[in-house]
Amino acid sequence: VFLGNGPSGICLSYLLSGYIPYFKRDSLHPYPILQRKLEETPDVSILDQDLEYLSEGLEGRSHSPVALLFDTLQRPDTDFGATAESVLTWWHETDRAIPHLVLGRNAPGGAWHSIEGSMVTLSRGEWMGLPDLPFKDWLKQKRRGLRNNRATAEDIAQYYQHYVVRKGLQKNFRCGTVVTSVRKVSAESISNHAQEDLQENSDSLWNFNEKSTEVFQVDGFLKTVKGDKEPFSIYAENVVLATGTYDSPTWLGVKGENLSYVHHQLSALEEAVKNNSIGIMSDPVLIVGAGLTAADAILFAHHCNIPVIHVFRRRVTDPGLIFNQLPKMMYPEYHKVHQMMKEQSAACAGPYECYVSLPEHHVLSFGKDKKCIFQDKNGYRKAYKISMALVLTGSNPNLSFLPNNGIDLAMDSDQPVNPKRNPIDVDPFTYECTQEKGLYALGPLAGDNFVRFVQGGALAVASALLKKANKNPP
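All chains use their own residue numbering, which begins from 1 and follows the written sequence. In keeping with the predicted nature of the model, local features appear solely for residues at pLDDT of at least 70, side-chain atom pairs appear and are counted solely at 80 or more, and the whole-chain, interface and lining totals rest on all residues. Note that the side-chain values use all heavy atoms of the structure and ignore hydrogens as well as water.

The protein goes by Oxidative stress-induced growth inhibitor 1 in an unreviewed UniProt entry, where it is assigned to Chionis minor. The Cofactor (unreviewed entry) field of the UniProt record for the protein holds the comment "NADPH". UniProt positions are given in the numbering used here, feature names are shortened, and annotations may be inferred rather than shown by experiment. A UniProt comment under Subcellular location (unreviewed entry) is attached to the protein, and it reads "Midbody".

Structural data, given as structure tokens:
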């Protein structure tokens with residue numbers, strides 16, 4: 001059972017539906033050492049090879065060796081602007097399929113359906129694609145091209161839905177499901193009666209390995225068309241966590257943050273503009289944060305001529321600031337926001353109207369009268385009257401369905417799971433949780449935050465599950 005139907009879950013479903021990658025004969029990989037390794041056993045699928053051996057020595061923009069391996073097999077040399085073809089060929093070997101279910105709240109594509117449709121992706125469009133159906137080819141069928149090599153969130157969400165249908169994976173997906181609990185139970189405690197019921201209803205998905213003494217019980221409910229909640233319980237030997245990180249926006253934890261004019265999602269600003277509740281003559285909108293979502297909010301407000309006060313903790317020159325890591329040519333709009341942050345501080349007026357930048361400041365409180373108090377690094381305080389506040393400082397995964405909110409699975413088991421600072425501790429070549437056998441974590445939960453790199457985790461899990469199920473070729 002997989003929890004989450006975003007790109008990680010879709011990719012793993014593809015691999016477990018019997019789609020097996022092989023090295024394409026006569027293809028040439030730009031890394032000679034990897035090419036040599038691939039030529040050693042061309043008749044053995046990538047899933048059945050030693051992933052640690054193949055990925056050894058690879059370098060790139062991910063800390064995961066398997067993520068780098070799968071990425072470079074699908075998009076050789078892509079970081080250098082090359083458009084070399086994938087060195088993989090895909091075979092459909094139905095006898096190697098492993099029955100599975102993918103549970104998700106939305107349509108396939110996960111959080112991509114919750115993002116404002118016209119938003120442009122940070123990653124290049126071709127990096128958003130899934131195995132054996134290049135995103136650019138799909139876009140061409142729609143008679144569309146990529147703007148500045150990048151795609152809109154709406155395109156991505158539609159592509160993921162199309163992928164599931166095109167690859168025949170729909171039967172594995174259950175949309176509109178909410179999981180409330182995942183826990184280990186003894187296999188014997190599941191009554192024979194319940195086991196028979198399940199098997200009658202589910203293509204014998206639950207033929208447990210006779211050696212299993214414990215299995216996972218996954219409880220939740222299905223939202224019906226009428227709006228009812230139908231409860232379900234599923235038993236599975238292996239559970240894959242692929243729920244992403246979009247669930248709960250981070251709060252500052254300051255006084256007044258729960259007042260009605262303080263929001264934690266960009267959509268609140270779009271809504272307010274649509275309803276004409278804020279406009280050119282309003283008091284400024286406060287935007288807190290220095291990541292890309294905050295930048296998107298600033299661009300949106302700037303486009304609508306809405307005044308903005310922008311508060312963030314870091315220095316503008318801090319190398320950890322995302323803007324200092326993005327190539328200017330590829331991201332002109334984010335470069336513009338960075339320019340505004342530098343040139344338009346409250347201390348000195350700059351060329352940009354309707355925008356004030358307050359670097360190295362933090363919010364102390366929000367007042368009922370819509371007055372907001374800030375403090376700078378020297379302890380000086382300032383008060384501003386605002387129309388609304390957007391706190392856009394990241395988000396955290398919601399793992400409330402796991403015992404102790406999944407904290408025991410994290411690298412630091414004293415702190416909550418966080419994709420950047422404290423991911424779930426997994427084996428780098430199987431993505432199995434080190435603290436809980438049979439439980440796997442993919443995507444941001446395991447520290448892989450880009451679509452192009454979450455797919456390596458799916459490769460690792462599929463390889464491990466095929467070995468476990470003894471579905472390896474002789």
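After presenting the structure, the write-up continues.
1. A few points about the overall build of the protein
The way it works is that DSSP assigns letters per residue, a run of H or I at least four long becomes a helix, a run of E at least two long becomes a strand, and they are numbered from the N terminus. Helices and strands together make up the secondary structure of the protein, namely 11 helices and 22 strands. Contacts are assigned to residue pairs that have any heavy atoms within 4.5 Å of one another. Considering only contacts within the protein whose residues lie at least 6 apart along the sequence, 68% involve residues at least 24 apart. To measure how exposed things are, a 1.4 Å probe is used in the Shrake-Rupley method; for residues, cover is taken only from the protein chains shown. For the protein, the computed accessible surface area is about 23100 Å², with 50% contributed by carbon and sulfur atoms.

2. Some details on the packing of aromatic side chains
Aromatic rings from Phe, Tyr and Trp, taking only the six-membered ring of Trp, are treated as a pair when their centres fall within 6.5 Å; an angle between ring planes under 30 degrees marks them as stacked, one over 60 as edge-to-face, and anything in between as tilted. Counted under the stated rule, the structure contains nine aromatic pairs. Note on Tyr14 and Tyr19: the rings are 4.3 Å apart at their centroids and 15° apart in plane angle, and the pair reads as stacked. Overall, Tyr14 belongs to the buried group, its relative accessible area being 0%. Here the aromatic residues Tyr14, Tyr19, Phe70, Trp90, Phe135, Tyr159, Tyr160 and Tyr163 are joined through ring pairs into a cluster of three or more. A ring has a charge above it when a Lys NZ or an Arg CZ is no more than 6 Å from the ring centre and no more than 35 degrees off the ring normal. Its end group placed over the ring of Tyr53, Lys37 keeps NZ or CZ at 4.8 Å from the ring centre. To sort residues, take the accessible area from a 1.4 Å probe on protein chains only and compare it with the maximum for the residue type: under 20% means buried, over 50% means exposed, and anything in between is partly exposed.

3. Remarks on the sheet that holds strand β9 (residues 214-223)
Read across the sheet, three strands follow the order β8-β9-β10 without closing on themselves; strand pairing throughout is antiparallel. Every other strand in the sheet has two partners, leaving β8 (177-186) and β10 (229-236) as the edge strands with one partner each. When strand polarity is set aside, the average angle formed by the axes of neighbouring strands in this sheet is 20°. When DSSP finds at least two bridges between two strands, those strands are taken to pair. With nine bridges connecting them, β8 and β9 associate as antiparallel partners. The convention used is that axes are lines fitted to C-alpha atoms, helices contributing only their stretch in contact, and that angles between N-to-C directions extend from 0 to 180 degrees.

4. Notes on the environment of Ile234
Secondary-structure assignment places Ile234 in strand β10. By relative accessible area, which is 9% here, Ile234 ends up buried. For Ile234 and Phe216, which are 18 residues apart along the polypeptide, the C-alpha to C-alpha distance reads 8.1 Å.

5. Some details on a negative patch on the surface
Together, Asp50, Glu52, Glu56 and Asp427 give the surface a local cluster of negative charge. Relative accessible area serves as the criterion here: at 47%, Asp50 is assigned to the partly exposed category. Patch construction takes residues with relative accessible area above 30% that form no salt bridge. Like charges are linked within 9 Å, and nonpolar side chains (Val, Leu, Ile, Met, Phe, Trp, Tyr) are linked within 5 Å. A side-chain nitrogen of Lys or Arg and a carboxyl oxygen of Asp or Glu constitute a salt bridge if their distance falls within 4 Å. In this count, Lys and Arg are taken as positive residues and Asp and Glu as negative ones, while His and the chain termini are left out. Just so you know, the charge point we use is NZ for Lys, CZ for Arg, CG for Asp and CD for Glu.

6. Here's the deal with the pattern of salt bridges
Using the criterion set out here, one finds 12 salt bridges in the structure. With a shortest N-O distance of 3.4 Å, Asp132 and Lys167 are connected by a salt bridge. With Asp132 in the loop between β5 (120-124) and α5 (135-141) and Lys167 in the loop between α6 (153-166) and β7 (173-175), this residue pair connects regions lying 35 residues apart in the sequence. Residue classification places Asp132 among the partly exposed positions, given a relative accessible area of 41%. Classification of Lys167 as buried rests on a relative accessible area of 12%. Linking Glu360 and Lys377 is a salt bridge whose minimum nitrogen-to-oxygen distance equals 3.7 Å. Residue Glu360 is found in the loop between β16 (355-358) and β17 (361-366), and its partner Lys377 is found in the loop between β18 (371-376) and β19 (381-385); the two are separated by 17 residues along the sequence. Taken together, the shared-partner salt bridges in this structure form one network comprising Asp48, Glu93 and Arg96.

7. Some remarks on the confidence of the model for the protein
Per-residue pLDDT for the protein has a mean of 85; in total, 86% of the residues score no lower than 70. A low-confidence stretch, residues 195-207 stays under pLDDT 50, and its non-local contacts, those more than four residues away or across chains, total 18 contacts. By definition, pLDDT measures how confident the predictor is in each residue, and it falls between 0 and 100.

8. Section: the sheet that holds strand β11 (residues 239-241)
Read from one edge of the open sheet, five strands run β7-β4-β1-β11-β22, paired in parallel fashion. The sheet is open, and its two edges are formed by β7 and β22 (439-441), each paired on a single side.

9. A few points about helix α1 (residues 7-16)
Since the α-helix packs 3.6 residues into each turn, any two residues three or four apart lie on the same face. Of all 10 residues in α1, 10 are buried; the element is thus mostly enclosed. Those residues of α1 lying buried are Pro7, Ser8, Gly9, Ile10, Cys11, Leu12, Ser13, Tyr14, Leu15 and Leu16. Once α1 ends, the next one or two residues include Gly18, with phi positive near 95°.

10. With respect to the side chain of Asp71
Positionally, Asp71 belongs in helix α4 (residues 65-74). Within 3.5 Å is the distance limit for a polar contact, defined as a pair of N or O atoms, with the added protein rule that one can donate a hydrogen and the other accept it, and that residues adjacent in sequence qualify only through two side-chain atoms. A polar contact of 2.6 Å, which involves the side chain of Asp71, links it to the side chain of Arg452.

11. Points about empty space enclosed by the protein
With a 1 Å grid spanning the protein atoms alone, the term cavity applies to any set of points in which a 1.4 Å probe fits but cannot get out, the term pocket to an open set with protein on both sides within 12 Å along at least five of seven lines, and the term lining residue to any residue with an atom within 4 Å of a point. Grid points are joined across faces, edges and corners, and a volume is the space filled by probe spheres set on the points. Scanning the model with the defined rule gives one cavity of 30 Å³ or more in all. The space that makes up the largest cavity amounts to roughly 50 Å³. Phe323, Leu326, Pro327, Lys328, Tyr331, Tyr334 and His335 are the residues that line the largest cavity. Here the nonpolar group is Ala, Val, Leu, Ile, Met, Phe, Trp, Tyr, Cys and Pro; Asp, Glu, Lys and Arg are the charged ones; every other residue, Gly included, is treated as polar. For the lining of the largest cavity, a count of residues per class yields five nonpolar, one polar and one charged.

12. Quick notes on the pairing of β9
Extensive coverage of β9 is indicated by the burial of seven of its 10 residues. One ladder, built from eight bridges, connects β9 with β10; its direction is antiparallel. For Phe221, the partnering residue across the bridge sits in β10 and is Pro231. Hairpin connection, β9 to β10: the antiparallel pair is bridged by five residues, and Gly227 has positive phi, about 95°.

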